[in-house]
Amino acid sequence: MRTFTGISAISIMFILFAVILSGLIRDAGDAQRFNTLLDKKINVSDTRLPEASVFLDKNGNIFAEEQHPFRISLSSKEIPAFIQELFITSEDRDFYSHNGFDMSAIARAFMENAKSDGVEQGGSTITQQLARNLFLNNQKNYKRKASELLIAYELENTFTKDQILEKYLNAIYFQHNVYGVEAAAEFYFSKPLSKLSKGEMAFIAAIPNNPSKYDPFIHFKDTKKRQERLLDLLAANNKLTVQESKSIKQERITLVPYKKRNQYPDYASLAKKELRDLIAAEEGYSQKLQSANSSIRKKAEEALNARMKAVLQSGVVIHTNLDPDIQAAASTAVNQQLNGQPEEGAEVVIHYKEHRIAGVVGGRNYKEGSFNRAYQAFRQPGSAIKPLLDYGPYIETFHAAVSDKVSGAPFCENNYCPSNYSGSFYGDVSLKTAFTFSYNTPAIRLLSKTGIQRAFSYLAPFQFEQLQPEDQRLPAAIGGFTYGMTPLELTNAYSAFVNNGYYQPARAISKVTDRSGKIIYQWHDKPVKVWSKSTAEKIKELMASVVENGTGRKASIPAAYIGGKTGTTNDYKDFWFIGIKDDWLAGVWVGRDRPSSMQSIESSVPHLKIWKKTIMGR
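Residues numbered from 1 in each chain as written. Predicted model: local features only at pLDDT ≥ 70, side-chain atom pairs only at ≥ 80, totals over all residues. Heavy atoms only, no water.

Colleague: Hey, could you run me through the side chain of Gln 327 in this one?
Modeller: In this fold, Gln 327 is placed in helix α15 (residues 324-337). Excluding its chain neighbours within four sequence positions, the residues that come into contact with Gln 327 are Tyr 264, Asp 266, Tyr 267, Leu 322, Ala 358, Gly 359 and Val 360. (Helix = DSSP H or I, 4+ residues; strand = E, 2+ residues; numbered from the N terminus. Contact = heavy atoms within 4.5 Å.)

Set out below in structure tokens:
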């Protein structure tokens, strides 16, 4: 009964196949007819495969990658002839002569399936396997097999044989979420396919036949045996001499497991965030994300997430401004200074003339996927806001000189009566003295005289994400905000002072290209004038005085120019230093994730030491 059932199935399948084949020939080129025979509409010309994307530092070296899955596509010219021959000989010897399917192979498979009363052998050509990998699943039933034949036929009528073989060798599965011959070479031997020996090529070619059975890490001996069978097959088909086959078999195979490149996870984290922002800006999501309609925002968010995933699966190359030396110096400075302490830290280093983010530290011993304090931590800025909100707007509005006087006496308005950091009060002092020693009451008076609304207008170009309408009040003069700013935001904002009053955000990404180098995305930022050149020069003079004589003097090092501004929030919950040395601008924040007093370490000035170690160690 079992044999009869199998033979009946064979007969039915042959009749079905004949009908399908005649229909294909009759309707050749009719895509609509082709899709009516399938469960879903399929565009066989779209054979794009998801593959790994990489992040490059400023020197063009890979420092991080996204594997969804791990695939690196090659052109047929880049795939060695030997490995092409291995797969043709072992999988489909008549590849260059059939039209997508091999009737004799199918017949043999049907006879074997009749014995088991099911679909045990597929008799699939390389084209059929490609059809399955691209558009179908691996279920073993006759309906799926019929679809596979249809799609294979269409693939043969759409692409050349060499194109089909290329797509197949980039599509096949090698276990461990690895797809394609190039990724397999990297994953199992940590080198590109072009650098593999013939023995190593034959070894990885053994895996796809049954990836779990021939997983080299678990079943090395089985994989080696199949490798030798493949080499025997090449010899039997006169693709190798018996002596060549024997020599290749004797090659020692040593696996060199691949290690995912993720050298600077905090910088990669920022680069991914920036890539998402870049896609949103370039493809029109930004406006919808800012819509007052929550439904529109939600749909835009979902669409952008899907688009981001698609881009990262398309094998793009993200070229960044990462400077490995600066990144290493900044990471070392944060980790050493805060080692064994409950405090956390973040740092951003910018080459302000070229608008490049050269280094980012997201926290102590930062790990992939962790909270990145450099761009995700919104903290009160303390006195670090004074150049941007108090002194800059005041000098710009009144063309004040740094020698002009302001009162350091007690200030009280509508029950708001702040004190100076030291608890002392002063008479009239120069703007330079007030700035150098970070007096509070003079800063509040400057904001009040300029006008809160006018002063806040100078913050608009910096696009502080969490700036709230209710922040427009006097306490903001000394850092009293609802949420505050991130280290990246605040550091970026200072760049206007050292770029002659013009602001252009520094970026982590310089461009995004495909594998051939074609640019896909690129920032198109243009400088915006915030301050006059005169105001910018005066603020630079004030910041130089801070490092020379004031609250930042422990950061002082010899330089053509050095300056900066410190910031300490109420109850010592945040320590800031934004400093400039020559062409470099670096911002450091030190605090606790759950804000609490750090008065016990105030005198050790960890923020200044981190900044100094970074700048001197770059």
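Colleague: Help me understand the sheet that holds strand β16 (residues 584-591) in this model?
Modeller: Two strands in a sheet stick together by hydrogen bonds in their backbones, pointing the same way (parallel) or opposite ways (antiparallel). On the basis of which strands lie adjacent, the open sheet formed by 5 strands has the order β7-β6-β16-β15-β14 and antiparallel pairing. Pairing within the sheet leaves two strands with one partner each, and these edge strands are β7 (356-361) and β14 (562-568). Direction aside, neighbouring strands of the sheet carry axes that sit 10 degrees apart on average. Alignment of strand β15 (residues 574-581) against β16, held across 8 bridges, turns out to be antiparallel. Within β16, the residue paired with Lys 581 across the bridge is Trp 584. Against the sheet, α15 makes contact with β6 (344-351), β7 and β16, and its axis sits at roughly 30 degrees relative to β7, the strand it touches most. Where helix α23 (residues 606-617) meets the sheet, its contacts fall on β6, β14, β15 and β16, and the angle it forms with β15 comes to roughly 30 degrees. (Pairing = 2+ DSSP bridges. Axes fitted to C-alpha atoms, helices over the stretch in contact; angles between N-to-C directions.)

Colleague: So what exactly am I meant to see when it comes to the sheet that holds strand β11 (residues 509-513) here?
Modeller: Spatially, β2-β1-β5-β11-β12 is the arrangement adopted by the 5 strands of the open sheet, whose pairing is mixed. Across the chains shown, the open sheet's two edge strands, defined by having one partner strand only, are β2 (62-66) and β12 (519-521). Looking at each pair of strands side by side, their axes are set apart by 30 degrees on average, direction ignored. Across 4 bridges, the pairing between strand β5 (residues 317-320) and β11 is antiparallel. Of the residues in β11, the one forming a bridge with Ile 318 is Val 512. Here helix α12 (residues 265-282) sits on the sheet and contacts β1 (53-56), β2, β5, β11 and β12; the angle it forms with β11, its principal contact strand, is near 65 degrees.

Colleague: Would you mind showing me how to read the pairing of β16 here?
Modeller: Each regular strand carries side chains that alternate between the two faces of the sheet. Where burial is concerned, most of β16 is hidden: 8 out of the 8 residues are buried. Side chains of β16 alternate between two faces, with Trp 584, Ala 586, Val 588 and Val 590 and Leu 585, Gly 587, Trp 589 and Gly 591 buried alike. Sheet topology note: the β6/β16 ladder contains 8 bridges and is antiparallel. Residue pairing across strands places Val 349 opposite Ala 586, the latter belonging to β16. Here β15 hands over to β16 after 2 residues, with Asp 582 in that stretch at a positive phi of 50 degrees. (Buried < 20%, exposed > 50% of the residue type's maximum accessible area, 1.4 Å probe, protein only.)

Colleague: Help me understand unusual backbone geometry, please; the structure alone is not making it clear to me.
Modeller: Unlike most non-glycine residues, His 176 shows phi in positive territory, near 60 degrees. Positive phi values are uncommon outside glycine, yet Gln 463 reaches one of about 50 degrees. Mapped onto the secondary structure, Gln 463 falls in the loop between α20 (452-457) and α21 (487-498).

Colleague: Looking at this structure, I do not really get the state of the cysteines. What am I missing?
Modeller: Put plainly, a disulfide is one covalent bond tying together the sulfur atoms of two cysteines. If you walk through the whole model with that rule in mind, you get 1 disulfide. For Cys 412, the disulfide goes to Cys 417, at an S-S distance of 1.6 Å. By relative accessible area, which is 52% here, Cys 412 ends up exposed. The class for Cys 417 is partly exposed, based on a relative accessible area of 44%. (Disulfide = S-S within 2.5 Å.)

Colleague: Is there a simple way to think about the pattern of salt bridges in this case?
Modeller: Two side chains with opposite charge may pair up if their charged atoms get near one another. One pass over the structure, following the stated rule, counts 21 salt bridges. Arg 132 is the partner of Glu 148 in a salt bridge, and the nearest nitrogen-oxygen pair spans 2.7 Å. Taken together, the residues span a long stretch of sequence, with Glu 148 in helix α6 (residues 142-158) and Arg 132 in helix α5 (residues 126-135) at a distance of 16 residues. (Salt bridge = Lys/Arg side-chain N within 4 Å of Asp/Glu carboxyl O.)

Colleague: I keep staring at the packing of helix α3 (residues 81-91) against helix α10 (residues 220-236) and nothing clicks. Help me out?
Modeller: Pairs of packed helices are described in terms of their axes, by the angle between the two and the distance that separates them. Here α3 crosses α10 at 90 degrees, and the two axes come no closer than 10 Å. By the angle between their axes, α3 is roughly perpendicular relative to α10. Two secondary-structure elements touch here, α3 through Phe 82, Glu 85, Leu 86, Thr 89, Ser 90 and Glu 91 and α10 through Arg 226, Leu 230, Leu 231, Leu 233 and Leu 234. (Parallel < 35°, antiparallel > 145°, perpendicular 65-115°, else oblique.)

Colleague: Is there a simple way to think about a positive patch on the surface in this case?
Modeller: Judged by side-chain charge, Lys 213, Lys 221, Lys 225 and Arg 229 come together as a positively charged surface patch. Structurally, the position occupied by Lys 225 is in helix α10. (Patch = residues over 30% accessible without salt bridge, like charges linked within 9 Å, V, L, I, M, F, W, Y side chains within 5 Å. Areas by Shrake-Rupley, 256 points an atom, 1.4 Å probe, with all protein chains shown as cover. Lys, Arg positive; Asp, Glu negative; His and termini not counted. Charge placed at Lys NZ, Arg CZ, Asp CG, Glu CD.)

Colleague: Which parts of the structure should I look at to understand the nonpolar core?
Modeller: Nonpolar side chains tend to gather and get buried jointly when the protein is soluble and globular. Counting 87 residues, the largest nonpolar core has Ile 357, Leu 388, Phe 462 and Leu 490 as its most contacted members. Take this core: its biggest share by element is 8 residues, from α12. If we ignore the near neighbours within four places in the chain, the residues touching Ile 357 are Tyr 267, Leu 270, Glu 274, Asn 321, Leu 322, Val 348, Val 349, Ile 350, Leu 488, Ala 506, Arg 507 and Ala 508. The next biggest cluster of nonpolar side chains, apart from the first, holds 52 residues, and it includes Phe 135, Ala 184, Ala 185 and Tyr 258. (Core = buried A, V, L, I, M, F, W, Y, C linked by side-chain atoms within 4.5 Å.)

Colleague: In this structure, what is going on with the side chain of His 319? I would like to understand it.
Modeller: By the secondary structure assignment, His 319 is in strand β5. In this structure the side chain of His 319 is engaged in a polar contact, spanning 3.0 Å, whose partner is the side chain of Thr 513. Apart from the residues within four sequence positions on either side, His 319 is in contact with Leu 56, Ala 508, Ile 509, Ser 510, Lys 511 and Thr 513. (Polar contact = N/O pair within 3.5 Å; in protein donor to acceptor, adjacent residues only side chain to side chain.)

Colleague: Would you mind showing me how to read the environment of Glu 413 here?
Modeller: By the element assignment, Glu 413 lies in the loop between β8 (405-407) and β9 (428-430). Each C-alpha atom, one on Glu 413 and one on Leu 474, is 9.1 Å from the other, the two residues being 61 residues apart in sequence. Non-local contacts of Glu 413, meaning those with residues more than four positions away in its chain, are made with Ser 448 and Leu 474.

Colleague: Whenever I open this one, the packing of aromatic side chains confuses me. Can you help?
Modeller: Here the distance between the centres and the angle between the planes together describe a pair of aromatic rings. Evaluation of the coordinates by the stated rule reveals 23 aromatic pairs. Both rings, one in Phe 63 and one in Tyr 267, keep their centres 6.0 Å apart while their planes meet at 80 degrees; by these two values the pair is edge-to-face. Pair noted here: Phe 63 is in strand β2 and Tyr 267 is in helix α12, with a separation of 204 residues, a long-range link. Here Phe 462 and Phe 464 contribute two aromatic rings whose centre-to-centre distance is 5.9 Å and whose plane-to-plane angle is 50 degrees, an arrangement assigned as tilted. Here the two residues Phe 462 and Phe 464 agree in accessibility, since each one is buried. Taken together, the ring pairs in this structure connect Phe 55, Phe 63, Tyr 264 and Tyr 267 into an aromatic cluster. Sitting over the ring of Phe 159, Lys 167 keeps its end group 4.6 Å from the ring centre. (Phe/Tyr/Trp six-rings, centres within 6.5 Å; stacked < 30°, edge-to-face > 60°. Lys NZ or Arg CZ within 6 Å of the ring centre and 35° of its normal.)

Read these as geometric descriptors, not functional statements.
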